[in-house]
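Breakdown of the fold
Chain residues, written in single-letter form:
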Amino acid sequence: MSPAADAATRTARRSTRFVAWVRAWRAGLVPFDELADEIAADEEHLVADAPGTWTDVPLPHGLPIFAKLHPDEIRLVLPVPGDPRGLPGPGDLTGAALLAGEAVMTPSFGVVPEVRRHTSGSGVEFSTVLWRVHEAPEHRQVFQMGAAEAEAQLTAALGEATARLTRLDVAQWKPELAGALQALRRPESAETLPPGFDPRSRRLFARASVLDQVLALAETSAPGGAVNGYEAQQRDEALRPLTAACRQALVAACNSPLRP
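Residues numbered from 1 in each chain as written. Predicted model: local features only at pLDDT ≥ 70, side-chain atom pairs only at ≥ 80, totals over all residues. Heavy atoms only, no water.

**Focus on the packing of aromatic side chains**
One pair of aromatic rings is described through two measures. These are the centre distance and the angle between the planes. Overall, the coordinates contain 4 aromatic pairs when judged by the stated rule. With a centroid separation of 4.4 Å and 45 degrees between ring planes, the pair formed by phenylalanine 18 and tryptophan 131 is classed as tilted. One end of the pair, phenylalanine 18, is in helix H2 (residues 14-26); the other, tryptophan 131, is in strand S6 (residues 125-135), with 113 residues separating them in the sequence. Judged by its relative accessible area of 2%, phenylalanine 18 is buried. Feature note: the residues Phe18, Phe66, Phe109 and Trp131 constitute an aromatic cluster, connected by ring pairs. Here arginine 26 stacks its cationic end above the ring of tryptophan 25, 5.0 Å away from the centre of that ring. (Phe/Tyr/Trp six-rings, centres within 6.5 Å; stacked < 30°, edge-to-face > 60°. Helix = DSSP H or I, 4+ residues; strand = E, 2+ residues; numbered from the N terminus. Buried < 20%, exposed > 50% of the residue type's maximum accessible area, 1.4 Å probe, protein only. Lys NZ or Arg CZ within 6 Å of the ring centre and 35° of its normal.)

Given below as structure tokens:
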């Protein structure tokens, strides 16, 4: 994988870590004291609008809102315009989740991350993640695909996308994308799930986490000069099913049943 593609695969969606570790805590598999550090990694995380609070609070002070929930009541949602599965009807929560592209859902509330960019006086850039709590009374969770089916769908979508991109000669005008997709046939990733998730879910999460970042690279990098509008459209059409399969894989992995 090229340096550009490798750099784009270093950060997983924040809600995937949030859901996985909070679910493992509620299953009694990890201690509460480790929870905030595992979710936040090297970033500053705050919680806004948590019940009983009057201002933004540090992440450890906001996590107890999940204390009475069963692990299966805490779900990852990765919505996009046209596919808001897992969200309630129109409202602030759904709008914020669609804008962020991710959310944590429970039967009574949802939590959506807002990333705030800052620059220090010395010019160092850093981020603060604000998890905003939204009420969602009597929210009903929807049926989701299992890890086995999601893994098969992802493998098929990856094979088809790679074949189409090869026919489009994507390596000529976006070598980092072509190289990254080929590397994904070896599902190696530093991203992992906490205790309690089975090997299939772990493998699926590792592979989909890398792929999610590769696809983000494909979306944000401007095409080279050799690409015209038609070729860019063909590339986007080739990647669209793979993007959907990747989102479904992350959801299936993070929401999969936990084992002691």
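**Description of the sheet that holds strand S1 (residues 44-48)**
Taken together, 6 strands build an open sheet; the order of strands is S2-S1-S6-S5-S4-S3 and the sheet is mixed. Each edge of the open sheet carries a strand with a single partner, namely strand S2 (57-58) and strand S3 (75-77). Of the pairings in the sheet, the one linking strand S4 (residues 103-105) to strand S5 (residues 109-119) comprises 2 bridges and is antiparallel in character. For valine 104, the partnering residue across the bridge sits in S5 and is valine 111. The sheet strands contacting helix H5 (residues 92-100) are S4, S5 and S6, and the helix crosses S5 at an angle near 50 degrees. (Pairing = 2+ DSSP bridges. Contact = heavy atoms within 4.5 Å. Axes fitted to C-alpha atoms, helices over the stretch in contact; angles between N-to-C directions.)

**Here's the deal with the side chain of glutamine 248**
With respect to the secondary-structure elements, glutamine 248 resides in helix H10 (residues 229-254). With residues up to four places along the chain from it excluded, the contact list for glutamine 248 reads Arg85, Met145, Ala150 and Gln153.

**Some thoughts on the pattern of salt bridges**
It is possible for side chains bearing opposite charge to pair when their charged atoms get close. The tally for this structure, following the rule as stated, stands at 11 salt bridges. In this structure, the salt-bridge partner of arginine 85 is aspartate 83, at a minimum N-O distance of 2.8 Å. Judged by relative accessible area, aspartate 83 falls into the buried class, the value being 16%. In this structure, arginine 259 engages aspartate 198 in a salt bridge whose closest nitrogen and oxygen atoms are separated by 3.9 Å. Of the two residues, arginine 259 sits in the segment after H10 while aspartate 198 sits in the loop between helix H8 (175-183) and helix H9 (199-220), which places them 61 residues apart along the sequence. Assessed through its relative accessible area of 52%, arginine 259 is described here as exposed. Since its relative accessible area comes to 18%, aspartate 198 is described here as buried. Several salt bridges converge on common partners, so that one network encompasses Asp49, Glu114 and Arg132. (Salt bridge = Lys/Arg side-chain N within 4 Å of Asp/Glu carboxyl O.)

**Focus: the nonpolar core**
By size, the foremost hydrophobic cluster in this structure holds 55 residues, and its most contacted members are Phe18, Val22, Leu59, Phe66, Leu154 and Leu242. Put simply, the parts of the chain that give this core at least two residues each are H2, helix H3 (32-40), S5, S6, helix H6 (147-167), H9 and H10. Looking at this core, the element that brings in the most residues is H10, giving 11 residues. In this structure phenylalanine 66 touches Phe18, Val22, Trp25, Arg26, Ile74, Val104, Thr106, Phe109 and Val111, once residues within four positions along its chain are discounted. (Core = buried A, V, L, I, M, F, W, Y, C linked by side-chain atoms within 4.5 Å.)

This is a description of form; function is not addressed.
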